[in-house]
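Results of the structural survey
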Amino acid sequence: MLDKRGAGVLMHISSMPSEYGVGVFDENARHFVDRIADMGFTYWQVLPFNPTDNANSPYCSPSAFAGNYLFINPKELYDMGLIDEQTWRENIYDGTPYTADYEYAAKVRYNTLKKAFMTVSEDIATEIKEFELQNGWLTDYAVYMAVKEKEDFKPWWEWQSDRAHYFECIKNIFDYESEAAFWKFVQYIFYKQWNELKAYANKKGVAIIGDMPIYVAMDSVDVWSNLPMFLIDEKTLKVEKVAGVPPDYFSENGQLWGNPIYDWKAMKKDKYSWWIARLAHALKTYDTVRIDHFRAFASYWAVPADSETAKVGEWLDGPKMDLFNRVFEVFGEDAPIIAEDLGVFGEDVVELLHDTSFPGMKVAQFAFDANSDSSHLPHNAVPNSINYVGTHDNNTILGWLWEASEDERKFALDYCHFHGGNWGEGGYYSPSCRCITEAVWQSASNVAIIALQDMCGFGSDARMNVPGVPDKNWRFRTTRETIDSIDTNYFKHINALYRRMYPSIEKDK
């Protein structure tokens, strides 16, 4: 599908309208699908579905496989007869609809799911067992979360000495049976609701682009249950080096992520089985998967664990084609994978992209340096690429215009044929947002993506994430009224004009 011209909208579940503090898998999400399908879009891109960390980031998760239970629709639990009306209505949020309140949602959704679990029928219990048999990751995750509950949700390396070791817990799995059963139920419900929503989108002609963080959190079931696959001292449980990136466009000090680093030699010995299982799960969950920080498969930035910034580090070799030859062996050479190839990189990354043939990314906001012929300029895009007006890590396009230097702004507006008027005007009909969007749409890239905020002409206050800044991210939310106010005819027009309706409305008829 990625080899044909198309267009998509970037919008995470948490940003959806809902009654529950964050977006959920409900009729509002289906309404969003209806709206973008009417506009001729054929892709909906989401951020990772994994549970988030304490900063609400989906890129540092306690599980590479589990889904975030905050996205579960409480009304559907009521419709299934698992909770009563009062419990359902306790989830309804009376705060602002423009900001995701993860703290509120986490508390009420957890309590609601506990109540729902107590009413599970034999038929649902059978379905949960079948779900577990089809998802080999679930048992470890459920035990991990059961133990974590008993340990007051402390990091696994602070647990009682026997519990901090995976094999001891698995050996005594019956000690955690009832608590683990709850977490299996939660994941069954999550994927049941998501698969129904995905099927709805696919029926409407909208494919899902998912997102896979390259690293996992230190405090994760993936590290706890696969310790030999990470560069961690198995006796002291300490790491010597952690993941990050050196100074770049987003941060003068670099980004110190702190994730443990993979032991690629150990992973090679078992034919990268963890990665194969992870990709298989992602390709079942989504239609296409974008791998975040793809460049680390070529070489990765390793930072001393005691460093306060990511300025100090070294480039170390990743697995390169050794991993992807195995991926192609299992999934075929046309596996629907997108490589996030942004940031600082050298010829090794260029070579890996060439050898895998995965489409890379172009971002308009990186293009407009008047003194260079940037590879991100739309005229330099190749068909095998995904072209973004902006990503979740960028400012909105209107916010970028306001914060850009005068030279950058002038070049961007000239390049995109801005024909006068007020470049700083926002809103659904913003002329500057439209001219930059159209430049991206005209590019040779097979797929063009726009964030919902840019469809609305929102300013920087609607930004989703500021990389390297730990607080106040991931909280953008919108309303149904906002989604309904987007200019359907305009997007339908440019999708048709630049031949991005695939399959075309005419052929469908």
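Everything below is about the structure printed above this text.
Note that the structure is a prediction, hence the values are computed from the model and not measured.

**Things to note about the packing of helix 12 (residues 321-331) against helix 13 (residues 347-356)**
Two elements in contact, helix 12 and helix 13, have axes whose closest approach is 11 Å; the angle formed by their N-to-C orientations is 15°. When the interaxial angle is binned, helix 12 and helix 13 end up roughly parallel. At the point where helix 12 passes helix 13, the crossing takes the right-handed sense. The segment helix 12 lies against helix 13, with Met-321, Phe-324 and Phe-328 engaging Leu-352, Asp-355 and Thr-356. Within the contact of helix 12 with helix 13, the residues separate by chemical class into 4 nonpolar, 1 polar and 1 charged.

**Here's the deal with the pattern of salt bridges**
For the structure shown, the criterion picks out 25 salt bridges. Among the salt bridges present, the one from Glu-90 reaches Lys-115, with a minimum N-O distance of 3.7 Å. Taken as a pair, Glu-90 in the loop between helix 3 (85-89) and helix 4 (102-117) and Lys-115 in helix 4 lie far apart in primary sequence, 25 residues in all. On the accessibility criterion, Lys-115 (41% relative accessible area) is partly exposed. Of the charged contacts in the structure, one is a salt bridge between Lys-154 and Glu-151, with a shortest N-O distance of 3.5 Å. By relative accessible area, which is 33% here, Lys-154 ends up partly exposed. With relative accessibility at 5%, the residue Glu-151 sits in the buried group. One network of salt bridges, with partners in common, ties together Glu-76, Lys-192 and Glu-196.

**Observations regarding the sheet that holds strand 7 (residues 299-304)**
A sheet is described by the order of its strands in space; here 4 strands give the open sequence 5-4-7-8, paired in antiparallel fashion. Two strands close off the open sheet at either side, each with one partner strand: strand 5 (255-260) and strand 8 (314-317). Recorded for the sheet is a direction-independent mean angle of 50° between the axes of neighbouring strands.

**Looking at the nonpolar core**
Of all hydrophobic cores here, the largest spans 162 residues; its most connected members are Phe-41, Trp-44, Trp-275, Phe-297, Phe-324 and Trp-441. Among the elements that take part in this core, helix 8 (residues 177-203) stands out by supplying 12 residues, more than any other. With near-sequence residues (within four places) excluded, Phe-324 lies in contact with Phe-294, Phe-297, Leu-352, Thr-356 and Phe-358.

**Some thoughts on the packing of aromatic side chains**
Scanning the model with the defined rule gives 60 aromatic pairs in all. On the numbers, 5.6 Å between centres and 45° between planes, the contact of Phe-25 with Trp-194 is tilted. Linking Phe-25 in the loop between strand 1 (6-10) and helix 1 (27-38) with Trp-194 in helix 8, this pair joins segments that are 169 residues apart in sequence. Taking the relative accessible area as the measure of exposure, Trp-194 reaches 0% and is therefore buried. When the centroid spacing of 5.7 Å and the interplanar angle of 20° are considered together, the rings of Tyr-215 and Tyr-262 count as stacked. A residue pair is termed long-range when its members are at least 10 positions apart, and Tyr-215 in the loop between strand 3 (207-212) and helix 9 (221-225) and Tyr-262 in the loop between strand 5 and helix 10 (264-269) qualify at 47 residues. Each member of the pair, Tyr-215 as well as Tyr-262, carries the same accessibility label: buried. Cation over ring: Lys-75 sits above Trp-88, and NZ or CZ is 5.3 Å from the ring centre.

**Observations concerning the side chain of Arg-163**
Along the chain, Arg-163 falls in the loop between helix 6 (138-150) and helix 7 (166-171). The exposure class assigned to Arg-163 is buried, which follows from its relative accessible area of 15%. Looking at Arg-163, its side chain comes within polar contact range of the side chain of Glu-151, at 2.9 Å. Setting aside residues up to four positions removed in sequence, Arg-163 forms contacts with Val-147, Lys-150, Glu-151, Cys-169, Tyr-176 and Trp-224.

**Some thoughts on the environment of Thr-309**
Along the polypeptide, Thr-309 turns up in the loop between strand 7 and strand 8. Sequence separation of Thr-309 and Gln-255 is 54 residues, and the distance between their C-alpha atoms is 7.1 Å. Thr-309 has contacts with Asn-253, Leu-256 and Val-303, leaving out every residue within four places of it along the chain. From its side chain, Thr-309 meets the backbone nitrogen of Lys-311 in a polar contact 3.2 Å long.

Criteria and cut-off values
Each chain carries its own residue numbering, running from 1 in the written order of its sequence. Only residues with pLDDT of 70 or above have their local features reported here, since the model is predicted, and side-chain atom pairs are shown and tallied only from 80 upward, although totals for entire chains, interfaces and linings are computed over all residues. Water and hydrogen atoms were dropped before computing side-chain values, which therefore reflect all heavy atoms in the structure. To get an axis, a line is fitted to the C-alpha atoms, and for a helix only the part in contact is used. The angle between two axes follows their N-to-C directions and goes from 0 to 180 degrees. Counting from the N terminus, the helices are the DSSP runs of H or I reaching at least four residues and the strands are the DSSP runs of E reaching at least two. For classification purposes, an angle smaller than 35 degrees is called roughly parallel, one larger than 145 roughly antiparallel, one from 65 to 115 roughly perpendicular, and anything else oblique. Two helices cross in a left-handed way if the nearer one is turned anticlockwise from the farther one by less than a right angle. They cross in a right-handed way if the turn is clockwise. Residues count as neighbours in contact if any of their non-hydrogen atoms are within 4.5 Å of one another. Put simply, Ala, Val, Leu, Ile, Met, Phe, Trp, Tyr, Cys and Pro go in the nonpolar bin, Asp, Glu, Lys and Arg in the charged bin, and everything else, Gly too, in the polar bin. A side-chain nitrogen of Lys or Arg and a carboxyl oxygen of Asp or Glu constitute a salt bridge if their distance falls within 4 Å. Categorising residues by exposure relies on relative accessible area from a 1.4 Å probe, with only protein chains included: less than 20% of the type maximum marks a residue as buried, more than 50% marks it as exposed, and the intermediate range marks it as partly exposed. Strand pairing requires that DSSP identify at least two bridges connecting the strands. The nonpolar core is taken to be a set of buried Ala, Val, Leu, Ile, Met, Phe, Trp, Tyr and Cys residues, with the residues joined through side-chain atoms within 4.5 Å. Stacked, tilted and edge-to-face are the three classes applied to pairs of Phe, Tyr and Trp rings, where Trp contributes its six-membered ring and a pair requires centres within 6.5 Å; stacked means planes under 30 degrees apart, edge-to-face means over 60, and tilted covers the rest. Two limits define a charge over a ring: the Lys NZ or Arg CZ must be within 6 Å of the ring centre, and within 35 degrees of the ring normal. Side-chain atoms alone can form a polar contact between residues adjacent in sequence; in general such a contact is a pair of N or O atoms within 3.5 Å, and within protein one must be able to donate a hydrogen while the other accepts it.

Just distances and angles here, no functional claims.
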